[in-house]
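Here is what each chain is made of, one letter per residue.
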Amino acid sequence: MAPKLIRLSRFNIAALSLGLAFLYLPILILVIYSFNASRLVTVWGGWSLRWYHEFFNDDAMIDAAWMSLRVGATSATIATVLGTLAAVALSRGQGFRGRTLFSGMLYAPLVMPEVITGLSLLLLFVALNAERGFWTVTIAHTTLTMCFVAVVVQSRLVALDGSVEEAAMDLGCDPFRAFALVTLPLIAPAVAAGWMLAFTLSLDDLVIASFTTGPGSATLPIRIYSEVRLGVKPEINAICTLVIGVIAVVIVVASLASKLSSERGESAAPL
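Residues numbered from 1 in each chain as written. Predicted model: local features only at pLDDT ≥ 70, side-chain atom pairs only at ≥ 80, totals over all residues. Heavy atoms only, no water.

1. A few points about the packing of helix α3 (residues 59-92) against helix α11 (residues 220-228)
- Contact geometry for α3 and α11: axes closest at 7 Å, N-to-C directions at 145 degrees. For the pair formed by α3 and α11, the contact residues are Ala60, Met61, Ala64, Ala65 and Ser68 on the first element and Leu220, Pro221, Arg223 and Glu227 on the second.
- When its residues are assigned to classes, the contact of α3 with α11 shows 6 nonpolar, 1 polar and 2 charged. (Axes fitted to C-alpha atoms, helices over the stretch in contact; angles between N-to-C directions. Helix = DSSP H or I, 4+ residues; strand = E, 2+ residues; numbered from the N terminus. Contact = heavy atoms within 4.5 Å. Nonpolar A, V, L, I, M, F, W, Y, C, P; charged D, E, K, R; others polar.)

In structure tokens:
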């Protein structure tokens, strides 16, 4: 039976258009004004790459951007590994002792205010006499984003047919090889989505990073916030446009990689 096509009414099209405009029109304006030649952000002075040149000559801003990328990539990778393992434990171990407590502690950062998380991590690092810098921010962002990865991966594992993994073990695979060769390729899109979500959340975070950062390790959001308190400069538009471009490239690459892994896993599953 052929699926029934649903026609959109004019009201639905208008509502969808307004919603998309509300979400993406400010970003489009920001991108356009990043090429503004005028020093005033509200006055159009023609097309120019002046503010991109200013950004690449701003050593402090470059260092902050590089710090954000390093923290984002490192924390997203660690959070993806830990979140995937936690999701496997929750989906495969339905009745292990302490499951409720474990899931509650894992998902607490989802509803916990960031100011409380940042303050508690600050007190922890002070108690441990840890020097605040790259690794303290990375640990803080891993704590924040791991729960998001676990939610995404667990939703995929719940919908996955466990008989495929059991068949692999019946054919001689140990549990680790069955997970690595069968289950992991099948959940690769969810793992990639979790990594991208963790990376984006790390780039976006300001509150937790402001509590856990130290001298010489300011991230890009902290640097931008310190700049805009004195007034928005056109250079900020150029920086934000570059960040949007980096995130778009990461999403495309991760999507292609997850699609390729999923296709390989589906082709290998019948074997």
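2. Looking at the environment of tryptophan 66
- One can find tryptophan 66 in helix α3.
- The exposed category is assigned to tryptophan 66, whose relative accessible area is 53%.
- Spatially, the C-alpha atom of tryptophan 66 lies 8.1 Å from that of leucine 220, the residues being 154 residues apart in sequence. (Buried < 20%, exposed > 50% of the residue type's maximum accessible area, 1.4 Å probe, protein only.)

3. Brief notes about the side chain of threonine 84
- Checked against the element boundaries, threonine 84 lands in helix α3.
- Overall, threonine 84 belongs to the buried group, its relative accessible area being 6%.
- Within the local environment of threonine 84, its side chain forms a polar contact with the backbone oxygen of threonine 80, the two atoms lying 2.6 Å apart.
- Among all residues touching threonine 84, those that are not within four sequence positions of it are Ala79, Val149, Val153, Phe179, Ile187 and Val191. (Polar contact = N/O pair within 3.5 Å; in protein donor to acceptor, adjacent residues only side chain to side chain.)

4. Some remarks on helix α9 (residues 188-204)
- For α9, built from 17 residues, the straight-helix expectation of 24 Å at 1.5 Å per residue is met to within 8% by its first-to-last C-alpha distance of 24 Å.
- When we look at burial in α9, the residues that qualify are Ala188, Ala190, Val191, Ala192, Gly194, Met196, Ala198, Phe199, Ser202 and Leu203. (Expected span 1.5 Å × (residues − 1).)

5. Examining a nonpolar patch on the surface
- A surface patch of nonpolar side chains, amounting to about 910 Å² of accessible area, comprises Leu8, Ile13, Leu16, Leu20, Phe22, Leu23, Tyr24, Ile27 and Ile244.
- The element contributing the most residues to the nonpolar patch is helix α1 (residues 10-33), with 7 residues.
- Relative to the elements of secondary structure, isoleucine 244 occurs in helix α12 (residues 234-268).
- Exposure remark for isoleucine 244: the relative accessible area of 34% places this residue in the partly exposed category. (Patch = residues over 30% accessible without salt bridge, like charges linked within 9 Å, V, L, I, M, F, W, Y side chains within 5 Å. Areas by Shrake-Rupley, 256 points an atom, 1.4 Å probe, with all protein chains shown as cover. Salt bridge = Lys/Arg side-chain N within 4 Å of Asp/Glu carboxyl O.)

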